[in-house]
Amino acid sequence: MLKLNNICKVFNKNTVNENKVFENLDLEIKDGDFITLVGSNGAGKSTLLNLIAGVFPVESGTIIVDNTDVTLFPEYKRACFIGRVFQNPLLGTAPSMTIEENLSLAYSKSQGMKLKMGINKKNRELFKNRLSELGLGLENRLKTKVGLLSGGQRQALTLLMATLVKPKLLLLDEHTAALDPRTASIINNITNKIIENNNLTTIMVTHNLEHALIFGNRLIMMHQGKIILDIREEKHGMTVQKLLNMFNKVNGSEFVDDRVMLA
Ligand SMILES: Nc1ncnc2c1ncn2[C@@H]1O[C@H](COP(=O)(O)OP(=O)(O)OP(=O)(O)O)[C@@H](O)[C@H]1O
């Protein structure tokens, strides 16, 4: 589904602040893989998602999505087949628009169409059905302005907007980190349900090592721009302590992440 070949990324090239984040990074993700991505501070997790989504260009290397070379595709073009949810619940939705208008916008965008103002009965039914799957009662609030929703409700809506039309790839960048623990847990469970029900190929960045072990079928750990652990079957039966030990063994140093949550 996704192949990164020989990716190099340098920020502030040819300046005193030059920062080589990736050098010949390779990664292959299979259709239906649900990857949890963890790593030390500044390891390159967000940069990796940004390169895949087309926020920044790569210096060299290729990005292949579903057998198409998208390396030179601009961000807006990739957004037709890549769903994203960010840490900030305010980022993914338009607050002055209603729930159904936001969903309609997402629906049009993912189908590569221009925004249509009218919402037909068929689409309204689709929106209601998909909203009811969230279990938050939002299906009865189609005309509510999104700015009136809580952070958790907004994040659930953003998740739905990103997956309303099945994306080839779903990128979640710490999408529950700004929520209180109870809401984060609800959104994590909704996320897991949506990914499993739709067999979505997903990369989820998290600072919660416990969640990184519970969710997904594959765990990748990064450090200083390199993938230092990539585990699948071994994930079952793994504990946070074992994971930290593996990091120390591979890397020869302690795992340092200011925001890491061990449970
Ligand atoms: N837009 C940018 N301009 C310049 N440097 C950047 C930019 N984005 C990221 N970097 C640098 O790239 C490196 C990787 O950063 P990135 O945010 O991808 O790490 P991360 O693994 O997501 O870190 P954290 O978990 O601490 O958020 C860091 O050295 C960072 O300073």
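Residues numbered from 1 in each chain as written. Predicted model: local features only at pLDDT ≥ 70, side-chain atom pairs only at ≥ 80, totals over all residues. Heavy atoms only, no water.

Asks: Which residues make up the overall build of the chain, and what values go with them?
Replies: Along the backbone of the chain there are 8 helices and 10 strands. Its C-alpha atoms give the chain a radius of gyration of 19 Å, within 12% of the compact-globule value 18 Å for 263 residues. Overall, the C-alpha framework of the chain stretches about 60 × 40 × 35 Å when taken along its three principal axes. Taking the intrachain contacts of the chain between residues at least 6 apart in sequence as the baseline, contacts between residues at least 24 apart amount to 67%. Each charge sign in the chain was given a centre, from 32 positive and 26 negative side chains, and these centres are 7 Å apart. (Helix = DSSP H or I, 4+ residues; strand = E, 2+ residues; numbered from the N terminus. Rg over C-alpha atoms; globule rule 2.2 N^0.38 Å. Contact = heavy atoms within 4.5 Å. Lys, Arg positive; Asp, Glu negative; His and termini not counted. Charge placed at Lys NZ, Arg CZ, Asp CG, Glu CD.)

Asks: An account of the pairing of strand S8 (residues 202-205) is requested, with residue identities and associated values reported.
Replies: In S8, alternate side chains face the same way, and those of Thr202 and Met204 on one face and Ile203 and Val205 on the other are all buried. The sheet contact formed by strand S3 (residues 34-39) and S8 spans 4 bridges and is parallel. Residue pairing in the sheet places threonine 36 in a bridge with methionine 204 of S8. As paired elements, strand S7 (residues 169-173) and S8 share 4 bridges and run parallel to each other. Bridge pairing links aspartate 173 to valine 205 in S8. Once you follow S7 into helix H6 (residues 181-198) and on to S8, the crossover reads as right-handed. (Buried < 20%, exposed > 50% of the residue type's maximum accessible area, 1.4 Å probe, protein only. Pairing = 2+ DSSP bridges. Right-handed = clockwise from strand over helix to strand, strands pointing away.)

Asks: So what about the packing of helix H5 (residues 151-163) against H6? Which residues, and what values?
Replies: For the pair H5 and H6, the least separation of the axes is 10 Å and the interaxial angle reads 15°. One element, H5, and the other, H6, form an angle in the roughly parallel class. Seen along the crossing, H5 lies across H6 with a hand that is right-handed. When H5 is examined against H6, the residues Gly152, Gln155, Ala156, Leu159 and Thr163 are found in contact with a partner set consisting of Thr183, Ile187, Ile190, Thr191 and Ile194. (Axes fitted to C-alpha atoms, helices over the stretch in contact; angles between N-to-C directions. Parallel < 35°, antiparallel > 145°, perpendicular 65-115°, else oblique. Left-handed = near helix turned anticlockwise from the far one by under 90°.)

Asks: So what's going on with the sheet that holds strand S5 (residues 68-69)? Residues and values would help.
Replies: In any sheet, the strands associate via hydrogen bonds between backbone groups, in a parallel or an antiparallel arrangement. Taken in spatial order, the 4 strands of this open sheet run S2-S1-S4-S5, and their pairing is antiparallel. Every interior strand has two partners, whereas the edge strands, strand S2 (19-29) and S5, have only one. Looking at chain direction, strand S1 (residues 2-11) and strand S4 (residues 60-65) are connected through 5 bridges and run antiparallel. What sits directly across from cysteine 8, in S4, is serine 60.

Asks: Hey, could you go over the packing of aromatic side chains for me, with residue numbers and the actual values?
Replies: Each aromatic ring pair is described using two quantities: the centre-to-centre distance and the angle formed by the ring planes. For the structure on display, the rule yields 3 aromatic pairs. Seen from their ring centres, phenylalanine 11 and phenylalanine 56 are 5.1 Å apart, and the 90° between their planes marks the pair as edge-to-face. With phenylalanine 11 in strand S1 and phenylalanine 56 in the loop between helix H1 (45-53) and S4, the pair connects residues that are 45 residues apart, well separated along the chain. Here the aromatic rings of phenylalanine 73 and phenylalanine 81 are separated by 6.4 Å at their centres, their planes lie at 70°, and the arrangement is edge-to-face. Given the relative accessible area of 23%, phenylalanine 73 is considered partly exposed. (Phe/Tyr/Trp six-rings, centres within 6.5 Å; stacked < 30°, edge-to-face > 60°.)

Asks: Explain the environment of serine 110 to me, using residue names and the numbers behind them.
Replies: Among the secondary structure elements, serine 110 is positioned in helix H3 (residues 99-110). Setting aside chain neighbours within four positions, we find serine 110 in contact with Cys80 and Val165.

Asks: Describe the nonpolar core, and please don't skip the residues or the numbers.
Replies: Judged by nonpolar contacts, the single largest core of 32 residues is most densely connected at Ile99, Leu103, Leu131, Leu134 and Leu157. A total of 6 residues in this core trace back to one element, the largest contributor, which is H5. Residue contacts for leucine 134: discarding those within four places in its chain leaves Ala156, Leu160, Ile190 and Ile194. Formed by 28 residues, the second largest nonpolar core is a distinct cluster that contains Val21, Phe22, Leu49 and Val70. (Core = buried A, V, L, I, M, F, W, Y, C linked by side-chain atoms within 4.5 Å.)

Asks: Which residues make up H3, and what values do they have?
Replies: In this model, H3 (12 residues) spans 17 Å end to end at C-alpha, consistent with the 16 Å of a helix rising 1.5 Å per residue. Among the 12 residues in H3, 9 count as buried, and that is most of the element. Buried residues of H3: Ile99, Glu100, Asn102, Leu103, Ser104, Ala106, Tyr107, Ser108 and Ser110, and no others. Close packing links the buried residues of H3 with helix H4 (121-132) and H5. (Expected span 1.5 Å × (residues − 1).)

Keep in mind that these numbers describe shape and distance, not what the molecule does.
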